[in-house]
Amino acid sequence: MRLPRRPRLLLPVAIAVVAVVALFFLFSGIYTDYLWFDAVDYTSVFSGVLLTQIVLFLIGAVLMVGIAGGNMLLAFRMRPMFGPAMFGGGSGADRYRMALDPHRKLIFIVGMGLLALFAGSPLAGQWQTWLQFVNGQSFGKKDAQFGMDISFFMFDYPFIRMVLNFLFTAVIISIILAAITHYLYGGFRLQSPGLHASRAARVHLSVLLGVFVLLKAVAYWFDRFGLVFSDRGFVNGASYTDVNAVLPAKTILAIIALICAVLFFAGVVRPGGMLPGVSFGLLVLSAILIGGVYPALVEQFQVKPNQQLKEAAYIDRNIKATREAYNIANTEITPYSGEADPSKVRTDGDASVSGVRLLDPALVSATYEQTQRIRGFYGFAPQLDVDRYPDSTGKLVDHVVGVRELMGPPEGQNNWINKALVYTHGYGFVAAPGNEVNSGGLPDYDAKDMPVTGPLASTTGLKESRIYFGESPAVTDYVIAGGNPNKPQELDYPEVGGTGQKNTTYTGKGGVPVGSFLNRLVFAAKYGEKNILLSGDINDNSKILYVRNPRERVEKVAPFLTLDGNPYPAVVDGRVTWILDGYTTSNDYPYSQSESLGDMTRDTATNLRAVAQQPQDKINYIRNSVKATVDAYDGTVTLYGWDGNDPMLKTWSKVFPGIIRPASEMSADLKNHIRYPEDLFKVQRFTLARYHIEDAAAFYSGQDFWNVPNDPSQGNTNKQPPYYLTTTMPGENSKPTFSLTTTFVPKAGPNLAAFMAVDSTAGNDYGKLRILRMPSNTPGPGQAQNAFQSRFAGELNLLGVGASSVRYGNLLTLPYAGGLVYIEPVYIQVAQGGGQEPYPILQRVLVSFGSKIGVDRTLDGALKQVFGAGQETAETPPQTQPNTNSALQSAISAAEQAYKDAQKALQSSPPNWDEYGKAQKRLEEALKSLQNLGARPAPTSTPSASPTPSASATATTTDTSTVTSSPTPSGGT
């Protein structure tokens, strides 16, 4: 039935309209992407990547269409002159041919278009492989098996495999399409007594099969080099079987495949199917016997009965390559005496522990949230960061820092104007020394409030506190800032003590101008928001800010980098700046052990989503090649080359010249805030748990393998994260150094096997990995945690009765006085009144050295109990004192009243911290009285549910090995 004239005219118009709209949205996506790169001044990355992808797409599409489509056309031209009749009549193929033949041109064009898309897209996605192949730099080191530069395996071999895979795909598709075409047009028939084919069809298919086998010969030859990535043996890399069986087998198979290809080509001049059949059978049989059976026999009967001896040389290759690839070859391992008796050590003048960080960045985030959020639409990251800032004397002190980020408009006010034009940014840098708290157990902020006040704000010269670019979930949305400077409408910060607000207008250089009609139109299309086009609040001064997460911004301008999961803010040259660590990674380093990046970096922080998780991609090479910064106000992204010896960084610097600046251009202030990256350290500790062993025989036995301990403060369900803190490693001229630290336990057993630290201060020793190997009887973190909980469960649970709960902070491990000291802060989390969320308050510090344990309101007090005054009292059983019922009851009543007063102070709105501190002091004195009367809280495993302490809960004899708390005034620790 023929359509009426008008519908026939409307159909092309409708198709054209749909095509124009689709092209406009495609243009909008690409154009807005270009505008973003232009705004951050990285258009060379945008154009370089896009041009490479377009060229690779076109090459892939043209080659695939040329090879597959050309063979299909060739098969059509070779069709028999008399059609199917030459084989004695028609067949089922005739019906298909008759149905398709009238539309064969359309089918061919559409099919080739889909094939071009299918072939070009994956090849375009391999742009990094191509660019590394073209620009690859030498490693200056050779692999252990073939004596070739490492760059061949890192840059050349992946490209060769990519080309071979593409050609294999093209030839297979050509064979299929040519066979279908020959069948449809009578080139061959499947009929009794067998296959009948025209000479042209036989020649054509024989050549194609010959090309396929020839490619197989080339693939067999290059497979030899791929053996350096084999996982057949005890470790990754070419094993004994690979070198002595698979390697010669691949060479033989390459020669056999070459012979078989010649036999297939011979089928062109010799009629019949004998030669192709013989060559195909020979190839299959050779692949099974030589490529499969022979290596399996060698593995089963030569290697397995003598695996340690046979694999020793190849394990040694793997150890050396892995230590080099993960940059742990220069790790310094030192035996450590691990003195366990505090009475035998001298601590005079050793202040390396007294100033250690006590605030747990993960726990006190809730405290920052409640005490410094100011308004409900602000918030802090779930895990704060640790950095160094000077105190009032100019001494660098570990600080727990965070930025007050915008979480979005208040509930019920989430309209477009508020979300896009008013609530555009967060405000403020908040910091507190990690080694002290105020009288109420709260962080003693030296940078706080809005606008930012405190000594640290003055010391650092903080000039710009606005946070337009950050980690808050709200930054996934765009905002439009700037506008009319004479009538500011962006909320800057709420007025103190009032109901109004101070407004501002963005004046930063970051962002894309959105005043022109074209830009408003394309962004309206990009975000599907008509208000961008229609709003009268947008003018020539307005800029649209998007891709505002610092990690996403660096990923976009440096797509060849893998980024650390924990960017951190710092005040650099008077501005809040996000600092990020970028890694060059690969899974193509010969003989190196390949592991999942996600598995190697998984711990408490990643499992709780406090920091970003790494992908599960496998790697066997990593370098911290780049330090990146993102300005929190204007979004400026700067990349600094940190590891100038990394060949991968040299390669990408050649690909994108000028985008990576030399480290020498870093300001002195920025260098002061550089720290060793967490994810790299996690990868290295995961690797060093086994690869601290350099002897192949010892590695094979695995007796000295280590594990990263589970986090005892979190119930032993996740790996313990590494901790930033200032510590002093043993040795001559050692001094306190900002470090990233971790511990190891044996493969089987709870004891401590080793302590590891890396210097995190920019300088000559930056990145120096040091391991202290511990005596076998040194208590591990889990044992230290159990000792703390069992010794002081009663006292701590007494603090955590009623609506309160006890929370343990990060368990820190430090070398000290020739031994090892464990330090753990203990927080009380109290449910607040007035709608406030519960948050932790530091109340106790636990310290252990050997079997000696101390607890106090301050770190100094707990240390003195273990090492200083009161040591003799701790070691001698307390004398029995009169324990009359009246004295005991009086002490219990005092404890109950002090607890009630503390609860009352906390539940007032706002909480009365002065009264709370006084009540805590009275409670501590009451507990001391109970101890002197011969009673102490009974150890329990869970917080008491009783709202007040009772005599039955407190009347037990003091353990002679326990050091109890002294009534030290609360305050700075």
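Quick summary incoming for the structure in this document. (Residues numbered from 1 in each chain as written. Predicted model: local features only at pLDDT ≥ 70, side-chain atom pairs only at ≥ 80, totals over all residues. Heavy atoms only, no water.)

What about the overall build of the protein chain?
When helices and strands are counted, the protein chain shows 28 helices and 33 strands. Across the 973 residues in the protein chain, those meeting the buried criterion constitute 53%. A sequence separation of at least 24 residues applies to 70% of the contacts in the protein chain between residues at least 6 apart. Carbon and sulfur atoms make up 57% of the accessible area of the protein chain, which totals about 41,800 Å². (Helix = DSSP H or I, 4+ residues; strand = E, 2+ residues; numbered from the N terminus. Buried < 20%, exposed > 50% of the residue type's maximum accessible area, 1.4 Å probe, protein only. Contact = heavy atoms within 4.5 Å. Areas by Shrake-Rupley, 256 points an atom, 1.4 Å probe, with all protein chains shown as cover.)

Here's the deal with the packing of helix H2 (residues 43-77) against helix H6 (residues 150-184)
Packing of H2 against H6 leaves a shortest axis separation of 8 Å and a crossing angle of 25°. By the angle class used here, H2 and H6 are roughly parallel. In this structure, the crossing between H2 and H6 has a hand that is right-handed. Here Gly-60, Leu-63, Met-64, Ile-67, Ala-68, Asn-71, Met-72, Ala-75 and Phe-76 of H2 lie close against H6, whose contacting residues are Phe-166, Thr-169, Ala-170, Ile-173, Ser-174, Leu-177, Ala-178, Thr-181 and His-182. (Axes fitted to C-alpha atoms, helices over the stretch in contact; angles between N-to-C directions. Parallel < 35°, antiparallel > 145°, perpendicular 65-115°, else oblique. Left-handed = near helix turned anticlockwise from the far one by under 90°.)

A few points about the environment of Tyr-34
Along the chain, Tyr-34 falls in helix H1 (residues 5-40). It is 8.4 Å that separates the C-alpha atoms of Tyr-34 and Ser-47, two residues lying 13 residues apart in sequence.

Notes on the nonpolar core
Core analysis: the largest hydrophobic core is formed by 147 residues, its most contacted members being Tyr-42, Phe-429, Ile-480, Phe-523, Leu-639 and Phe-656. By residue number, the principal contributor to this core is H6, which donates 12 residues. Leu-639 has contacts with Tyr-42, Val-554, Val-557, Ala-558, Val-626, Lys-627, Ala-628, Ile-659, Ile-660 and Arg-661, leaving out every residue within four places of it along the chain. (Core = buried A, V, L, I, M, F, W, Y, C linked by side-chain atoms within 4.5 Å.)

Things to note about the pattern of salt bridges
Two side chains with opposite charge may pair up if their charged atoms get near one another. This model, assessed by the stated rule, comprises 27 salt bridges. Residues Asp-316 and Lys-320 are paired through a salt bridge, measuring 3.2 Å at the closest nitrogen-oxygen approach. Remark: Lys-320 and Asp-316 occur in helix H10 (residues 307-325); sequence separation between them is four residues, near one turn of the helix. Residue classification places Asp-316 among the partly exposed residues on the basis of a relative accessible area of 25%. Via salt bridges that share partners, Lys-141, Glu-324, Arg-623 and Asp-643 belong to a single interconnected network. (Salt bridge = Lys/Arg side-chain N within 4 Å of Asp/Glu carboxyl O.)

Considering a nonpolar patch on the surface
Among the surface-exposed residues, Phe-280, Val-284, Leu-285, Ile-288, Leu-289, Val-293, Leu-297 and Phe-301 lie close enough to one another that they form a single nonpolar patch of about 760 Å² accessible area. Topologically, Leu-297 is positioned in helix H9 (residues 274-303). Classification of Leu-297 as partly exposed rests on a relative accessible area of 44%. (Patch = residues over 30% accessible without salt bridge, like charges linked within 9 Å, V, L, I, M, F, W, Y side chains within 5 Å.)

Things to note about the side chain of Thr-629
Note on placement: Thr-629 falls in strand S21 (residues 621-631). Using a relative accessible area of 10% as the deciding quantity, one classes Thr-629 as buried. With near-sequence residues (within four places) excluded, Thr-629 lies in contact with Thr-577, Trp-578, Ile-579, Thr-636, Val-637, Thr-638, Tyr-640 and Leu-670.

What about the packing of aromatic side chains?
Taken as a whole and assessed by the stated rule, the structure comprises 49 aromatic pairs. With 4.9 Å between their ring centres and 55° between their planes, Phe-146 and Phe-225 make a pair best called tilted. Here the residue Phe-146 occupies a position in the loop between helix H5 (127-135) and H6, and Phe-225 occupies one in helix H7 (residues 199-226), the gap between them amounting to 79 residues. For Phe-225, a relative accessible area of 10% translates into the label buried. Ring plane angle 55° and centroid distance 4.9 Å describe the contact between Phe-377 and Tyr-378, whose orientation is recorded as tilted. With relative accessibility at 12%, the residue Phe-377 sits in the buried group. (Phe/Tyr/Trp six-rings, centres within 6.5 Å; stacked < 30°, edge-to-face > 60°.)

Notes on the sheet that holds strand S5 (residues 385-390)
In space, the three strands of this open sheet follow the order S5-S6-S9, with antiparallel pairing throughout. Edge positions in the sheet fall to S5 and strand S9 (429-433), since each of these pairs with one other strand and no more. Ignoring strand direction, the axes of neighbouring strands in this sheet form an average angle of 40°. Pairing of S5 with strand S6 (residues 396-403) involves six bridges; the strand directions are antiparallel. By the bridge assignment, Val-386 is partnered in S6 with Val-400. With respect to the sheet, helix H11 (residues 364-372) is in contact with S6 and S9, its orientation differing from that of S9 by roughly 125°. (Pairing = 2+ DSSP bridges.)

Focus on the sheet that holds strand S15 (residues 543-545)
One open sheet holds the three strands; their spatial order is S11-S15-S14, and the pairing between them is antiparallel. The strands lining the two open edges of the sheet, one partner per strand, are strand S11 (479-481) and strand S14 (512-513). Two strands pair when backbone bridges link them, and S11 and S15 are joined in this way by three bridges, in the antiparallel orientation. Considered in S15, the bridge of Ile-480 is made with Ile-544.

Some remarks on the side chain of Asp-643
By the element assignment, Asp-643 lies in the loop between strand S22 (637-641) and helix H19 (647-655). By relative accessible area, which is 17% here, Asp-643 ends up buried. Contact partners of Asp-643, with chain neighbours within four places excluded, come to Arg-623, Asn-624, Ser-625 and Leu-649.

Describing the packing of H6 against H7
A packed helix pair is summarised by two numbers, namely the angle formed by the two axes and the spacing between the axes. Interhelical geometry of H6 versus H7 gives an angle of 160° and a closest axis separation of 10 Å. As summarised for this structure, H6 and H7 are arranged roughly antiparallel, according to the angle between their axes. In terms of crossing hand, the pair formed by H6 and H7 is left-handed. Its residues placed into classes, the contact of H6 with H7 shows 23 nonpolar, four polar and three charged. (Nonpolar A, V, L, I, M, F, W, Y, C, P; charged D, E, K, R; others polar.)

A word on unusual backbone geometry
That bond from Met-450 to Pro-451 is cis: its omega, -10°, falls within 30 degrees of zero. Along the chain, Pro-451 turns up in the loop between S9 and helix H13 (455-460).

Concerning H11
With seven of nine residues buried, H11 is to be regarded as a mostly interior element. Taken together, the buried positions of H11 are Val-364, Ser-365, Thr-367, Tyr-368, Glu-369, Gln-370 and Gln-372. Looking at the buried side of H11, the elements it contacts are strand S4 (378-379), S6, S9, strand S31 (819-830) and strand S32 (839-849). Among the residues trailing H11, Ile-374 stands out with phi positive, at a value near 70°.

Some thoughts on the pairing of strand S29 (residues 804-808)
By the alternation rule, side chains of S29 split into Ser-804, Val-806 and Tyr-808, which are all buried, and Ser-805 and Arg-807, of which none is buried. In this sheet, S31 lies alongside S29 in antiparallel orientation, the contact comprising five bridges. Residue pairing for S31: Ser-805 is matched across the bridge by Gln-829.

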